[in-house]
Amino acid sequence: MMCAEGFEAAPACAPRRVLVAMSGGVDSSVAAALLKERGFEVIGATMQVWPRAFSTREREGGCCSIAAVEDARRVASTLGIPYYVLNFEERFEEEVISYFAREYVSGRTPNPCVRCNQRIKFGHLLHKAKEIGASFIATGHYARICRDRETGRHLLLTGKDARKDQTYVLYSMTQDELAQTLFPVGAFRKDEVRRIAASLGLPVAEKRESQEICFIPDDDYRRFLREYMPEARDPGPILDVEGKVLGEHEGIAFYTIGQRRGLGIASAEPLYVVDIDPARNAVIVGRQRDLMAEGLIASELNWIPFDRLEQPIEVEAKIRYRTPAVLATVTPLAARPGEDRTRGGDSIGSGPGEVEVRFSTPQRAVTPGQSVVFYDGEVVVGGGIISKSLRNRH
């Protein structure tokens, strides 16, 4: 791979207007500052995505909050750039929040950040950028983009700061999106970003990071589901792996693979949620060893260095954002007759078919609905949504 990397590589004759998604945090603020320093015409924008039904008190301090808008506005004023608030409330409600709730009710555990990036940031925001004549959008993600000189394809690379790398939630980006996106802070460590912010006098230089789901500021997704989708309360059996009834659950939406606490059943040894069966409206529990998986099946795929996987490849696979990657073999599976897993409906990836992933060592709590992302060193090969865990054989 011969890779031309960096956001300074845009041809001088090309339009250099860029729309920066400003969250009010230090990363996106420094992204805007770096782009202005390099001669781009920078326009700042914050996406208003929080539903009006959420109280001001709830939204005071989190990502995408009212306070975040004010922080972003102050940064824009300091930098001397135009700044706007874009109302994406309805789209976010339909394409992220509703999706999030439906996935839980169907027995899956979704990642709303993956969904938001694919549908909102690199979907609707990119469209808005084109409307105002911007050639690029930019965010504060810790990731890098380069162009492979041999193939002409744009590649997604991990951020220089391995502790902050965010490519796990960006794997669904298409070639068009990568070509029109800039990640200015991806080449820096977090401490360097804070130092840059301080040197520029940005008011968010020491602002702490937001960790919660932006539309669930108290991080209690069960409370959120009870209020947002009351029909999620649909009691059913808690079964052991042999099918014996051990108790009753309040709704499969309130349980996730690997969960140990809050099961409400007595046992001589620790029990964990090892499966969720929506067909039987059942939660399946077992021992620690029952959580281990040799592999998984993934669908809704997106590939970055190539259009389609034609043969097995060796990769490093991540099954959760904070979980270290593990060596794995990814094998394409034949598409079922009439199957269409393109970006219509609730699909996240852009490729048809499914893959089988086999780990070099068994992994704990492989969770349907979460993403599996494939790496070749610092290059993101692609990823998809986990549809099935392949259990370890005892």
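That block above? That's the structure.
Reading guide: rules and limits
- Residues numbered from 1 in each chain as written.
- Predicted model: local features only at pLDDT ≥ 70, side-chain atom pairs only at ≥ 80, totals over all residues.
- Heavy atoms only, no water.
- Axes fitted to C-alpha atoms, helices over the stretch in contact; angles between N-to-C directions.
- Helix = DSSP H or I, 4+ residues; strand = E, 2+ residues; numbered from the N terminus.
- Parallel < 35°, antiparallel > 145°, perpendicular 65-115°, else oblique.
- Left-handed = near helix turned anticlockwise from the far one by under 90°.
- Contact = heavy atoms within 4.5 Å.
- Pairing = 2+ DSSP bridges.
- Core = buried A, V, L, I, M, F, W, Y, C linked by side-chain atoms within 4.5 Å.
- Buried < 20%, exposed > 50% of the residue type's maximum accessible area, 1.4 Å probe, protein only.

Engineer: Help me understand the packing of helix α3 (residues 89-105) against helix α4 (residues 112-131) in this model?
Structural biologist: A pair of packed helices is characterised by two quantities: the angle between their axes and the separation of those axes. Two elements in contact, α3 and α4, have axes separated by 9 Å at closest approach and are oriented at 165°. Relative to α4, the element α3 is oriented roughly antiparallel. Between α3 and α4 lies a crossing of right-handed hand. Counted together, Arg91, Phe92, Glu95, Val96, Tyr99 and Phe100 of α3 and Pro112, Arg115, Cys116, Arg119, Ile120 and His124 of α4 form the full contact between these two elements.

Engineer: Hey, could you run me through the sheet that holds strand β8 (residues 181-182) in this one?
Structural biologist: Backbone hydrogen bonds hold the strands of a sheet together, and the pairing may be parallel or antiparallel. The sheet built from 5 strands is open, its strands ordered β4-β3-β2-β5-β8 with parallel pairing. Each edge of the sheet is formed by a strand with only one pairing partner; in this case those strands are β4 (83-87) and β8. Where strand β5 (residues 136-138) lies against β8, 2 bridges are found, and the strand directions are parallel. The partner of Ile137 across the bridge, within β8, is Thr181.

Engineer: In this structure, what is going on with the nonpolar core? I would like to understand it.
Structural biologist: In summary, soluble globular proteins display a tendency toward joint burial of nonpolar side chains. Core analysis: the largest hydrophobic core is formed by 65 residues, its most contacted members being Phe92, Leu156 and Phe215. Considering every element that reaches this core, the biggest residue donor is α4, with 7 residues. In this structure, Val30, Ala33, Val42 and Leu202 belong to the second largest nonpolar core, which totals 32 residues.

Engineer: I would appreciate a short explanation of the pairing of strand β17 (residues 371-376) in the present structure.
Structural biologist: The side chains of a regular strand alternate, first on one face of the sheet and then on the other. The buried fraction of β17 amounts to 5 of the 6 residues, a majority that puts the element mostly inside the structure. The sheet contact formed by strand β14 (residues 313-318) and β17 spans 3 bridges and is antiparallel. Counterpart to Lys318 in the pairing with β17 is Val373. In sequence, β17 turns back onto strand β18 (residues 379-391) through a hairpin of 2 residues, with Gly377 there showing a positive phi of about 65°.

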